[in-house]
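So you can see what is in the structure, the chains are spelled out below.
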Amino acid sequence: MNIEKQVLGLIKLSEYIKAFLSKNPADFNENDSEFEMILKKSEIENPWFTMDNQKFALTQWTDLLTEENLKSWLGKYSPSKTTKKVGLILAGNIPLVGLHDVISVVLSNHIPLIKLSSKDKQMLPFLLKKWKEFSDNEIKYEFVERLVDFDAVIATGSNNTARYLEFYFKNHLSIIRKNRTSVAVLKGDETEEELKLLAHDIFLYFGLGCRNVTRLFIPQDFVIDRIFESFIDYKEIINHNKYANNYDYNRAVYLLNQDQFWDNNFVMMKEDEKLFSPLSVIHFSRYSSLEDVKNFIAENEKDIQCVVAKKELNLDSIEFGEAQNPDLDTYADNVDTMKFLEVI
């Protein structure tokens, strides 16, 4: 396979997506209409994949798939000298979550055997078909229902599923990913704009991604109302039926158990040491010592995808509003996929 044509195809794909997103629907041509129908069908099959969320994911990819970004990323690695078949068991929690793995496998000179998530079966096949066209057919991939005849596997699932996958693929080279979530640490002097950016890190994709913040650390004297005020721009989230069902259920459980929680009618905050929180709920704890926060993060390192905080806290963190903007060399579970693919 010709990697130069593959990269050029990705750049053309990015330009194609960007042109589609910039058009008024009234100006769509026949090809644009096909793309629009794919997005609509995807939303019908999985109501979590709203049109806005799908288009946000597409926009992020157009920003990533530039010539400069691709050359900088690929310059750190060497394509494999022998072509292998790599099984990919993809997640479906947020739109296009598996695209990075597919691109990584192809650009490493391997062939991906793709088992799509039942929750995300429309957009990825469409984009791969376009990528193939834009690269003069210089990419190979297969969609499969069951993995057979493969050399390595990259699989993503829940913690329970991961235990099964680890056993099933114990005799194969593999990357098995589990549940992760993200946390934010507030210093206390955050501006209104910074807190609004934090809201973006929390609510984008309804909080379903591993890079969504579900756990907050706040100073002892921090006023909770400041956080709720920053959430107002996302109040319409409660009008989404599946989200509202989660909110109503969790609120009813807390009321029945007489748990203390804070509520603004579309999201709840609960003082809780647990890292993972239910959908529509944000766990938080107050800290007096930043060392306690660092210890918590270190103890839960395997379950934390990223930390959002101000630079002056000297944590290994990213800025507010950047949780859903990973670079090409930002890898799920912090395992370098490209290094893995170099040596299989």
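Quick look at the structure, then.

Conventions adopted
All residue numbers refer to positions counted from 1 along the written sequence of the respective chain. Residues qualify for local features only when their pLDDT is at least 70, as the model is predicted, and side-chain atom pairs are given and counted only at 80 or more; totals for whole chains, interfaces and linings, by contrast, use all residues. The side-chain quantities take in all heavy atoms of the structure and omit both hydrogens and water. Strands here mean DSSP runs of E at least two residues long; helices mean DSSP runs of H or I at least four residues long; both are numbered from the N terminus. This radius of gyration counts C-alpha atoms alone. The globule rule is 2.2 Å times how many residues there are, raised to the power 0.38. Any residue under 20% of the maximum accessible area for its type is buried, any over 50% is exposed, and the rest in between are partly exposed; the area is computed with a 1.4 Å probe on protein chains only. In what follows, a contact means two residues having at least one pair of non-hydrogen atoms within 4.5 Å. Surface exposure here means Shrake-Rupley accessible area, sampled with a 1.4 Å probe, where a residue is shielded only by the protein chains that are shown. By the counting scheme adopted, Arg and Lys are positive, Glu and Asp are negative, and His together with the chain ends is not counted. Think of each charge as sitting on NZ of Lys, CZ of Arg, CG of Asp or CD of Glu. Both cavities and pockets are sets of points on a 1 Å grid over the protein atoms alone; in a cavity a 1.4 Å probe fits but cannot get out, in a pocket the set is open with protein on both sides within 12 Å along at least five of seven lines, and lining residues sit with an atom within 4 Å of a point. Grid points are joined across faces, edges and corners, and a volume is the space filled by probe spheres set on the points. Only Asp, Glu, Lys and Arg are considered charged, only Ala, Val, Leu, Ile, Met, Phe, Trp, Tyr, Cys and Pro nonpolar, and every remaining residue, Gly among them, polar. Definition of a polar contact: a pair of N or O atoms within 3.5 Å, with one able to donate and the other able to accept a hydrogen when the atoms are protein atoms, and with sequence-neighbouring residues admitted only if both atoms are side-chain atoms. Nine residue types can take part in a nonpolar core, namely buried Ala, Val, Leu, Ile, Met, Phe, Trp, Tyr and Cys, and a core is a set of them joined through side-chain atoms within 4.5 Å. Every case where a carboxyl oxygen of Asp or Glu lies within 4 Å of a side-chain nitrogen of Lys or Arg is listed as a salt bridge. Axes here refer to lines fitted to C-alpha atoms; in helices the fit is confined to the stretch in contact. Angles between the N-to-C directions go from 0 to 180 degrees. Here is the rule for angles: anything less than 35 degrees is roughly parallel, anything more than 145 is roughly antiparallel, 65 through 115 is roughly perpendicular, and the remaining ranges are oblique. Note on aromatic contacts: the rings of Phe and Tyr and the six-membered ring of Trp form a pair at centre separations within 6.5 Å, being stacked when their planes are under 30 degrees apart, edge-to-face when over 60 apart, and tilted otherwise.

**Side note on the overall build of the protein**
- A count of helical and extended segments in the protein gives 12 helices and 11 strands.
- For 344 residues, the compact-globule estimate of 2.2 N^0.38 gives 20 Å, and the protein sits close to it at 21 Å.
- A principal-axis box enclosing the C-alpha atoms of the protein has dimensions of 60 × 50 × 40 Å.
- The 344 residues of the protein split such that 52% are buried.
- Within the protein, contacts between residues at least 6 apart in sequence are counted, and of these 73% link residues at least 24 apart.
- When the accessible area of the protein is evaluated, it comes to approximately 16800 Å², of which 48% is carbon and sulfur surface.
- Charged side chains in the protein number 41 positive and 54 negative. The centres of these two groups are separated by 6 Å.

**Focus on unusual backbone geometry**
- Although it is not a glycine, Asn265 sits at a positive phi angle of roughly 80 degrees.
- Take Asn265: it is sitting in the loop between strand S8 (262-263) and strand S9 (268-271).
- If you check the backbone angles, Asn314 has positive phi at about 60 degrees while not being a glycine.
- Its place among the elements puts Asn314 in the loop between strand S11 (304-309) and helix H12 (337-343).

**Topic: the layout of surface pockets**
- Within this model, the second largest pocket holds a volume of roughly 500 Å³.
- In terms of lining, the second largest pocket is formed by 21 residues, of which the most central are Gln305, Cys306, Val307, Asp316 and Asn334.
- Sort the elements by how many residues they give to the lining of the second largest pocket and S11 lands first, with 4 residues.
- Its residues assigned to classes, the lining of the second largest pocket comprises 9 nonpolar, 5 polar and 7 charged.

**Focus: the environment of Asp120**
- Summarising the element assignment, Asp120 is placed in the loop between strand S2 (111-115) and helix H6 (123-134).
- Placed 14 residues apart in sequence, Asp120 and Val106 show a C-alpha to C-alpha distance of 20 Å.
- In this structure Asp120 touches Phe49, Gly92, Ile94, Pro95 and Leu96, once residues within four positions along its chain are discounted.
- Only 3.4 Å separates the side chain of Asp120 from the backbone nitrogen of Leu96, close enough to count as a polar contact.

**Here's the deal with empty space enclosed by the protein**
- Applying the stated criterion to the full structure yields 1 cavity of 30 Å³ or more.
- Considered as a void within the structure, the largest cavity measures approximately 50 Å³ in volume.
- Every residue lining the largest cavity is listed: Leu90, Ala91, Leu96, Gly98, Leu99, Leu116, Ser117, Asp120 and Leu124.
- Class assignment of the residues belonging to the lining of the largest cavity gives a composition of 6 nonpolar, 2 polar and 1 charged.

**Examining the nonpolar core**
- By size, the foremost hydrophobic cluster in this structure holds 48 residues, and its most contacted members are Phe35, Trp73, Ile103, Leu127 and Trp131.
- No other element matches the 7 residues that helix H1 (residues 3-22) contributes to this core.
- Among all residues touching Leu127, those that are not within four sequence positions of it are Leu13, Ile17, Phe35, Leu58 and Leu96.
- Within the second largest apolar cluster, 35 residues are counted, among which are Ile224, Tyr243, Leu279 and Ile282.

**Considerations on the pattern of salt bridges**
- For the structure on display, the rule yields 20 salt bridges.
- The salt bridge involving Lys129 is made with Glu34; its shortest N-O contact spans 3.0 Å. Of this pair, Lys129 sits in helix H6 while Glu34 sits in helix H2 (residues 30-45), and the two are 95 residues apart along the sequence.
- On the basis of relative accessibility, which here comes to 34%, the residue Lys129 falls in the partly exposed class.
- Judged by relative accessible area, which is 30%, Glu34 ranks as partly exposed.

**Some words on the packing of H1 against helix H5 (residues 99-107)**
- It is the contact of H1 with H5, at a shortest axis distance of 10 Å, that shows an interaxial angle of 155 degrees. Classified by the interaxial angle, the pair formed by H1 and H5 is roughly antiparallel. Between H1 and H5, the contacting residues are Ile3, Gln6, Val7 and Leu10 on the first element and Ile103, Val106 and Leu107 on the second.
- The class makeup of the residues in the contact of H1 with H5 is 6 nonpolar, 1 polar and no charged.

**Thoughts on the packing of aromatic side chains**
- For the structure on display, the rule yields 18 aromatic pairs.
- Each ring, one from Trp262 and one from Phe284, has its centre 5.3 Å from the other, and the planes form 70 degrees; the classification is edge-to-face. One end of the pair, Trp262, is in strand S8; the other, Phe284, is in strand S10 (residues 281-287), with 22 residues separating them in the sequence.
- With relative accessibility at 24%, the residue Trp262 sits in the partly exposed group.
- These aromatic residues form a ring-pair network of at least three members: Tyr16, Phe20, Phe35, Phe126 and Phe134.

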